[in-house]
Amino acid sequence: MKIAVYCSAKDRIPEEYLALGDVLGQWIAEAGHTLVYGGATGGLMTRVSNAAKAAGGIVEGVIPQRIIQAKRMASNCDTLHIVNNMCERKQKMKELADCFVCLPGSYGTLDEMMDVVASGTVDEHRKPCYVLNYQGFYEGLKQLAQHMRSLAFLPQQEQYAPQFVDSMEELITHLQSVKL
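In what follows, the accompanying structure is described. Only a predicted model underlies this, so the values are computations on that prediction, with no experimental measurement involved.

1. Observations concerning the overall build of the chain
Regarding its fold elements, the chain presents seven helices and seven strands. Over its C-alpha atoms the chain spans a radius of gyration of 16 Å, differing by no more than 12% from the 16 Å that the globule rule assigns to 180 residues. With the C-alpha coordinates of the chain rotated into their principal frame, the extents come out at 45 × 35 × 35 Å. Evaluated residue by residue, the chain yields a buried proportion of 47% over its 180 residues. Of the contacts formed within the chain by residues at least 6 apart in sequence, a portion of 71% connects residues at least 24 apart. As displayed, the chain has an accessible area near 9100 Å², and 53% of this comes from carbon and sulfur atoms. Within the chain, one finds 17 positive and 20 negative side-chain charges whose respective centroids are separated by 6 Å.

Structure, rendered in structure tokens:
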């Protein structure tokens, strides 16, 4: 299974968040899956890809020209897809992946997550999207969704929605049950 991981590229985040990347990357490799990620260096992106690679996994990156120009191209990818821009990166990652995992991140992570959710909502795919709400990181997003639902901006029963999980153990349990 190809697992797309969206996450922070920032290095100055707390070590406990960076360590999430180590655990997930190692599990992806040891379970025989392929990591699909942004193909760049920094933060959780580096930790997930390095851990997957160190555990003997296959790492597939998708990187826009702009990030290559910024000299942030990862060197550990077995396959590296070079695209023109971030929009193409999101599209390529959606095409490659069988499921999606969102670790803590910033605007870029939210953008990628919402792109997956929006395209799933209009039935462009049926691939599951898991959001690791580690220590309540995405609690505000969950509250926003509840607020939108209470005002009927979201249906009471969504046909496609991200699945929030609170721990790495819960995330792995969900990933183990993905049917292709």
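2. A word on the pairing of strand β2 (residues 34-37)
Covered by surrounding structure in β2 are Thr-34 and Val-36 together with Leu-35 and Tyr-37, the residues of both alternating faces. The pairing of strand β1 (residues 2-6) with β2 spans three bridges and is classified as parallel. Residue Ile-3 lies in a different strand from β2, and its bridge partner there is Leu-35. Following the chain from β1 across helix α1 (residues 15-30) to the adjacent parallel β2, one finds a crossover that is right-handed. Where β2 and strand β3 (residues 58-64) come together, four bridges link them in parallel fashion. Residue pairing across strands places Thr-34 opposite Ile-58, the latter belonging to β3.

3. Remarks on the pattern of salt bridges
Summed over the entire model, instances satisfying the criterion amount to ten salt bridges. The partner of Lys-2 in a salt bridge is Glu-60, with the nearest N and O atoms 3.0 Å apart. Pair noted here: Lys-2 is in strand β1 and Glu-60 is in strand β3, with a separation of 58 residues, a long-range link. Classification of Glu-60 as buried rests on a relative accessible area of 7%. Note that Asp-78 is salt-bridged to Lys-53, the shortest N-O span being 2.5 Å. Taken as a pair, Asp-78 in the loop between α3 (65-69) and β4 (79-83) and Lys-53 in helix α2 (residues 43-54) lie far apart in primary sequence, 25 residues in all.

4. A few points about helix α4 (residues 86-96)
Within α4, burial applies to Arg-89, Lys-90, Met-93, Lys-94 and Leu-96. Buried residues of α4, viewed axially, fall in a sector of 165 degrees; they line one side. Between the side-chain oxygen at the start of α4 and the backbone nitrogen of Cys-87 there is a gap of 3.1 Å, and the oxygen is on Asn-85.

5. Topic: the sheet that holds strand β6 (residues 129-132)
Spatially, seven strands are ordered β4-β3-β2-β1-β5-β6-β7 in an open sheet, and the strand pairing comes out parallel. Each of the sheet's edge strands pairs with one partner strand only, and the pair in question is β4 and β7 (163-165). The average undirected angle you get between the axes of adjacent strands in this sheet is 20 degrees. Two strands pair when backbone bridges link them, and β3 and β4 are joined in this way by five bridges, in the parallel orientation. Across the sheet, residue Glu-60 finds its bridge partner in β4, namely Thr-79.

Conventions adopted
- Residues numbered from 1 in each chain as written.
- Predicted model: local features only at pLDDT ≥ 70, side-chain atom pairs only at ≥ 80, totals over all residues.
- Heavy atoms only, no water.
- Helix = DSSP H or I, 4+ residues; strand = E, 2+ residues; numbered from the N terminus.
- Rg over C-alpha atoms; globule rule 2.2 N^0.38 Å.
- Buried < 20%, exposed > 50% of the residue type's maximum accessible area, 1.4 Å probe, protein only.
- Contact = heavy atoms within 4.5 Å.
- Areas by Shrake-Rupley, 256 points an atom, 1.4 Å probe, with all protein chains shown as cover.
- Lys, Arg positive; Asp, Glu negative; His and termini not counted.
- Charge placed at Lys NZ, Arg CZ, Asp CG, Glu CD.
- Pairing = 2+ DSSP bridges.
- Right-handed = clockwise from strand over helix to strand, strands pointing away.
- Salt bridge = Lys/Arg side-chain N within 4 Å of Asp/Glu carboxyl O.
- Arc of directions from axis to C-beta.
- Polar contact = N/O pair within 3.5 Å; in protein donor to acceptor, adjacent residues only side chain to side chain.
- Axes fitted to C-alpha atoms, helices over the stretch in contact; angles between N-to-C directions.

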